[in-house]
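One letter stands for each residue in the lines below.
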Amino acid sequence: MSKKFIVGVTSCMIGIAHTYMAAEAMERALKKAGCDCKVELQGANGTENELTEEDLARCDAALIAADVRIKKIERFQPIPTLTVGTEEVIKDGDGIVAELLEAIG
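Residues numbered from 1 in each chain as written. Predicted model: local features only at pLDDT ≥ 70, side-chain atom pairs only at ≥ 80, totals over all residues. Heavy atoms only, no water.

> Please explain the pattern of salt bridges as it appears in this structure.
If the charged atoms of two oppositely charged side chains come close together, the side chains can form a pair. Summed over the entire model, instances satisfying the criterion amount to six salt bridges. In this structure, Lys 38 and Asp 55 form a salt bridge, with 2.7 Å as the shortest nitrogen-oxygen distance. In this pair, Lys 38 sits in strand β2 (residues 36-43) while Asp 55 sits in helix α2 (residues 53-58), placing the two residues 17 residues apart along the sequence. Comparing Lys 38 with Asp 55, the two get one shared label, buried. (Salt bridge = Lys/Arg side-chain N within 4 Å of Asp/Glu carboxyl O. Helix = DSSP H or I, 4+ residues; strand = E, 2+ residues; numbered from the N terminus. Buried < 20%, exposed > 50% of the residue type's maximum accessible area, 1.4 Å probe, protein only.)

Structural data, given as structure tokens:
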């Protein structure tokens, strides 16, 4: 079985602390689960580590941890996507990732 490639996006109300904390928790949980990943941050500094069309074309699924509406959500239309709040992935990143991986098989 090949390694899953999961893309993620994090964004919080203020765009500072929880955006970065959620990104770190998401990356840590995905790597612990044996996945490759790339996480885009949409925060006070604008968009960082922006997902490319290539990233989206090759990903197996997307994990969005956001407390506000993310920019360009339509990019994820054909991609299996799990959306949670930033606090959820910060508190239980392993559980959220396990749920996503179970859903996509």
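> Would you mind going over the packing of helix α1 (residues 17-32) against helix α3 (residues 86-104) with me for this structure?
Two quantities define a packed helix pair, namely the angle between the helix axes and the distance between the axes. It is at 8 Å that the axes of α1 and α3 come closest, and there the two elements cross at 5°. Accordingly, the angle class assigned to the pair α1 and α3 is roughly parallel. On α3, the residues that touch His 18, Met 21, Ala 22, Ala 25, Met 26, Ala 29, Leu 30 and Lys 32 of α1 are Thr 86, Glu 87, Val 89, Ile 90, Gly 93, Asp 94 and Val 97. Per-class residue counts for the contact of α1 with α3 are nine nonpolar, three polar and three charged. (Axes fitted to C-alpha atoms, helices over the stretch in contact; angles between N-to-C directions. Parallel < 35°, antiparallel > 145°, perpendicular 65-115°, else oblique. Contact = heavy atoms within 4.5 Å. Nonpolar A, V, L, I, M, F, W, Y, C, P; charged D, E, K, R; others polar.)

> I tried to follow α3 on my own but got confused; where do I start?
Counted at 1.5 Å a residue, the expected span for α3 with its 19 residues is 27 Å, but the 21 Å between its end C-alpha atoms falls short. Where α3 bends most, at Asp 92, the angle is about 105°. Turning to α3, its buried residues are Thr 86, Val 89, Gly 93, Ile 96, Val 97, Leu 100 and Leu 101. The secondary structure elements touched by the buried residues of α3 are β1 (5-11), α1, β4 (61-66) and β5 (81-84). (Expected span 1.5 Å × (residues − 1). Bend = angle between axes of the 7 residues up to and from the residue.)

> Help me understand the pairing of β5, please; the structure alone is not making it clear to me.
Looking along a regular strand, one sees the side chains alternate between the two faces of the sheet. In β5, alternate side chains face the same way, and those of Leu 82 and Val 84 are buried while those of Thr 81 and Thr 83 on the opposite face are not. Looking at chain direction, β4 and β5 are connected through four bridges and run parallel. Looking at β5, one finds that Ala 62 is bridged to Thr 81. (Pairing = 2+ DSSP bridges.)

> How should I be thinking about the nonpolar core in this particular structure?
Here is a general trend for soluble globular proteins: nonpolar side chains tend to be buried in one another's company. Ranked by size, the top nonpolar core spans 20 residues in total, and within it Ile 6, Met 26, Leu 30, Leu 63, Val 84 and Val 89 carry the most contacts. Elements supplying a minimum of two residues to this core: α1, β2, β4, β5 and α3. Setting aside anything within four residues of it in sequence, one finds Leu 63 in contact with Ile 6, Val 7, Gly 8, Val 9, Met 26, Leu 82, Val 84, Val 89, Ile 96, Val 97 and Leu 100. Formed by 12 residues, the second largest nonpolar core is a distinct cluster that contains Val 9, Leu 51, Ala 62 and Ile 64. (Core = buried A, V, L, I, M, F, W, Y, C linked by side-chain atoms within 4.5 Å.)

> In this structure, what is going on with the environment of Thr 83? I would like to understand it.
With respect to the element layout, Thr 83 can be found in strand β5. Between the alpha carbons of Thr 83 and Ala 57 there is a distance of 19 Å; along the sequence they are 26 residues apart.

> Is there a simple way to think about the sheet that holds β4 in this case?
Consider a sheet: its strands pair through backbone hydrogen bonds, and that pairing is either parallel or antiparallel. With mixed pairing, five strands are arranged side by side in an open sheet as β3-β2-β1-β4-β5. Because the sheet does not close on itself, it has two edges, and the strands there are β3 (46-48) and β5. Averaged over all pairs of adjacent strands, the angle between strand axes in this sheet comes to 15°, irrespective of strand direction. Relative to β2, α1 is tilted by about 175°, and along the sheet it contacts β1, β2, β3 and β4. Each of β1, β4 and β5 touches α3; the most contacted strand, β4, lies at about 160° to it.

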